[in-house]
Amino acid sequence: MFDWLDELIQLLVENVFNLDVTSHLGASVHFFIYDVIKIILLLGIMIFLISYIRSFFPPERTKKILERFSGAKGNLMASLLGIVTPFCSCSSVPIFIGFVEAGIPLGVTFSFLITSPIVNEAAFAILLASFGWKIAVAYVITGVIVGVVGGILIGKLKMENQVEDYVYRIKAGEVEIKQLSHKERIQFALQNVRDIIKRIWIFLIIGIGIGAVIHGLNEDGEVVRLLVQYAGKDNPIGVFIGVILGIPLYSNALGTIPIAEALIIKGVGIGTALAFMMAVTALSLPEMILLRKVIKPKLISAFVIITGIAIILVGYLFNSITHLLT
Amino acid sequence: MVIKILGSGCANCKKLYANAREAVNQLGLDATIEKIEDFKEIMVYGVMNTPALVVNEEVKIMGRVASVESIKKHL
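Structural notes, computed from the coordinates. Every residue gets a number counted from 1 within its own chain, in the order that chain's sequence is written. Naming scheme: in the order in which they are written, chains are lettered from A and ligands are numbered from 1. For a predicted model such as this one, the threshold for reporting local features is a pLDDT of at least 70, and the threshold for listing and counting side-chain atom pairs is 80 or more; totals across whole chains, interfaces and linings nevertheless cover every residue.

### Observations regarding the overall build of chain B
When helices and strands are tallied, chain B shows 3 helices and 4 strands. Starting at the N terminus, helices and strands are each numbered in turn, a helix being any DSSP run of H or I of at least four residues and a strand any DSSP run of E of at least two. Its helices and strands in sequence order give chain B the pattern β-α-β-α-β-β-α, from N to C terminus. Taken over the C-alpha trace, chain B has a radius of gyration of 11 Å; the compact-globule value for 75 residues is 11 Å, and the two agree within 12%. Judged by the C-alpha coordinates and their principal axes, chain B covers about 30 × 20 × 15 Å. Relative to its 75 residues, chain B shows a buried fraction of 48%. In this setup the radius of gyration rests on C-alpha atoms only. A globule is expected at 2.2 Å times the number of residues raised to 0.38. To sort residues by burial, count the other C-beta atoms lying within 10 Å of each one's C-beta; a count of 20 or more means buried, 12 or fewer means exposed, and anything in between means partly exposed. C-beta atoms are built from the backbone.

So this is what it looks like as structure tokens:
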């Protein structure tokens, strides 16, 4: 898709910087410039498109749709709607209260709360830029599966008593869902593009910079050998470590994906990278602190453990089918 | 006129608050602007996607940071 850019930057590196792209330095410079332009371009376009679609699905409407579904179908709908409903971690508490107050089962509510942050426009765009369509789509599908399975399991635990009592006493008002004008949707989408890029660009540049250095490393050098040994797809605890590392990091850490891109070219497992990404987005410490306002520690732990295990399994799955995706 | 900004105090809520303040100033209105950060109060309005703008107890904008210009239309 970006062959033209690849060749353009190759010309730039060879003729303006006078570097051979097959040399270590040349390969690093090429990777850096090419990746910065490609990722920023894709981020802008994807965030705009997805935000525009999302402006049609406010959570208030999602709630109304979910009230009509029960059982596993409810979990599936909640996860699917989680993809298209705009979500910011500061809204997770009002969304939680709104769902529970409307009588939507706890498990269904969690299916939404798990998938919604995992499948977000920034993660999708960065995956698309770094690894291509197949992996970006596979990420979305597994994000839904993790949400559905996680939600069903949480529902089975019958932890309704682990929700703070006041939540059940809240009587939410009805709000009229306003139709946005075309102009307002465009404005909403553009603002999202600005906000997200402003938030993560510095992390992206650093991530791409480190990725570029790795890119220039010697294939059979010591550093690459160590990286592949520790984060390679054949190391059974690699995925586990990736998930644990991802929990304290916030979504800005998505900028580190270009590091993974460079590592995967060198032989690191793709499942390890995807599991890390899911953990970063789904299990963030700030969100847990917010959720603590409405649910008790036991339920938060259940949420973290179940979602964490599901993500680890996804990591192993992807590591074992790497050959199908690249 | 009573204007309320609903939101848990995140960056977007602060931005909407600043825009509302600016809109009021530009129109020279006599209005009080309140920040509502308590979830129980936010839910009374039925709003799940913060930030939201409430003018005289009516929800006008939710789930996005509206520009100064578009806020003006609601005042």
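Read on for the rest.
### Quick look at the overall build of chain A
Within chain A one finds 17 helices and 0 strands. In terms of overall dimensions, chain A is globule-like: its C-alpha atoms have a radius of gyration of 21 Å, near the 20 Å expected for 326 residues. Projected onto its principal axes, the C-alpha positions of chain A cover 70 × 50 × 30 Å. Counting all 326 residues of chain A, 47% fall into the buried class. By definition, residues are in contact whenever their C-beta atoms, placed on the basis of the backbone, come within 7 Å of each other. When contacts within chain A are restricted to residue pairs at least 6 apart in sequence, those whose partners lie at least 24 apart make up 86%.

### Points about the pairing of strand β4 (residues 58–62) of chain B
Residues and elements named next belong to chain B. Here, a strand pair is defined by DSSP locating no fewer than two bridges between the strands. In the sheet, strand β3 (residues 52–55) pairs with β4 via 4 bridges, with the strands oriented antiparallel. Within the sheet, the bridge partner assigned to Val54 lies in β4 and is Val59. Hairpin connection between β3 and β4: a loop of 2 residues separates the two successive antiparallel strands, and Asn56 in this loop has a positive phi of roughly 45 degrees.

### Brief notes about the interface of chain B and chain A
Residue-level contacts link 21 residues of chain B with 23 residues of chain A. Of all the secondary-structure elements, those providing two or more residues to the side of chain B that touches chain A are α2 (39–44) and β4 of chain B. Counting residues per element, the side of chain B that touches chain A draws most heavily on α2 of chain B, which supplies 5 residues.

### Here we look at the environment of Glu69 of chain B
Note on placement: Glu69 of chain B falls in helix α3 (residues 68–74). When the C-alpha atoms of Glu69 of chain B and Ala20 of chain B are compared, they prove to be 9.5 Å apart, with 49 residues separating the residues in sequence.

### Thoughts on the sheet that holds strand β1 (residues 2–6) of chain B
The pairing of strands in a sheet comes from backbone hydrogen bonds and takes either a parallel or an antiparallel form. All names here are of chain B. Read across the open sheet, the 4 strands follow the order β2-β1-β3-β4; overall the sheet is mixed. On the outer flanks of this sheet lie β2 (32–36) and β4, each paired with one strand and no other. Put simply, the sheet's adjacent strands are angled 25 degrees from each other on average, direction ignored. Where β1 and β2 come together, 5 bridges link them in parallel fashion. Opposite Ile3, over in β2, you have Ile33 as the bridge partner. In this analysis an axis means a line fitted to C-alpha atoms, helices contributing only their contacting stretch, and an angle means the value between N-to-C directions, from 0 to 180 degrees.

### Thoughts on helix α13 (residues 257–265) of chain A
Along α13 of chain A, 8 of the 9 residues are buried, which leaves the element largely enclosed by surrounding structure. Buried within α13 of chain A are the following residues: Ile257, Pro258, Ile259, Ala260, Glu261, Ala262, Leu263 and Ile264 of chain A.

### A word on helix α8 (residues 133–156) of chain A
The end-to-end C-alpha separation of α8 of chain A is 35 Å, in line with the 34 Å expected for 24 residues at 1.5 Å each. The positive-phi residue at the C-terminal boundary of α8 of chain A is Lys158 of chain A, with phi of around 50 degrees. Each residue after the first adds 1.5 Å to the expected span of a helix.

### Quick look at the packing of helix α6 (residues 106–118) of chain A against α8 of chain A
All names here are of chain A. Their axes nearest at 7 Å, the elements α6 and α8 cross at an angle of 155 degrees. Between α6 and α8, the angle falls in the class roughly antiparallel. Crossing of α6 over α8 shows right-handed handedness. Only Gly143, Val144, Val146, Gly147, Val148, Gly150, Gly151, Ile152, Ile154 and Gly155 of α8 make contact with α6, whose side of the interface consists of Leu106, Gly107, Val108, Phe110, Ser111, Ile114, Thr115 and Ile118. Amino acid classes used here: Ala, Val, Leu, Ile, Met, Phe, Trp, Tyr, Cys and Pro are nonpolar; Asp, Glu, Lys and Arg are charged; the rest, including Gly, are polar. Broken down by class, the residue content of the contact of α6 with α8 amounts to 10 nonpolar, 8 polar and no charged. An angle below 35 degrees is read as roughly parallel, one above 145 as roughly antiparallel, one from 65 to 115 as roughly perpendicular, and any other as oblique. Note: crossing handedness is left-handed where the near helix turns anticlockwise from the far helix by less than a right angle, and right-handed where it turns clockwise.

### A short note on unusual backbone geometry
Thr50 of chain B connects to Pro51 of chain B through a cis peptide bond whose omega is 0 degrees. With respect to the secondary-structure elements, Pro51 of chain B resides in the loop between α2 and β3. Its identity is not glycine, yet Lys158 of chain A carries a phi of approximately 50 degrees, on the positive side. By secondary structure assignment, the location of Lys158 of chain A is in the loop between α8 and α9 (165–169).

### Re the pairing of β1 of chain B
Residue and element names in this part refer to chain B. Among the 5 residues in β1, 4 count as buried, and that is most of the element. With the strands pointing away from the viewer, any crossover whose connection runs clockwise from the first strand over the helix to the second is right-handed. Handedness of the crossover joining β1 and β2 through helix α1 (residues 11–27): right-handed. Inspection of the sheet shows β1 paired to β3 by 4 bridges, in the antiparallel sense. Paired with Leu6 across the bridge in β3 is Ala52.

### Digging into the packing of helix α12 (residues 238–246) of chain A against helix α16 (residues 297–320) of chain A
When two helices pack together, their arrangement is given by the angle between the helix axes and the distance between those axes. Residues and elements named next belong to chain A. α16 packs onto α12 with a crossing angle of 135 degrees between their chain directions and a minimal axis gap of 9 Å. One finds that α12 runs oblique with respect to α16. As α12 packs across α16, the resulting crossing turns out to be right-handed. Every residue of α16 that contacts α12 at Val239, Phe240, Gly242 and Val243 is listed here: Gly308, Ile311, Ile312, Gly315, Tyr316 and Asn319. Class assignment of the residues belonging to the contact of α12 with α16 gives a composition of 6 nonpolar, 4 polar and no charged.

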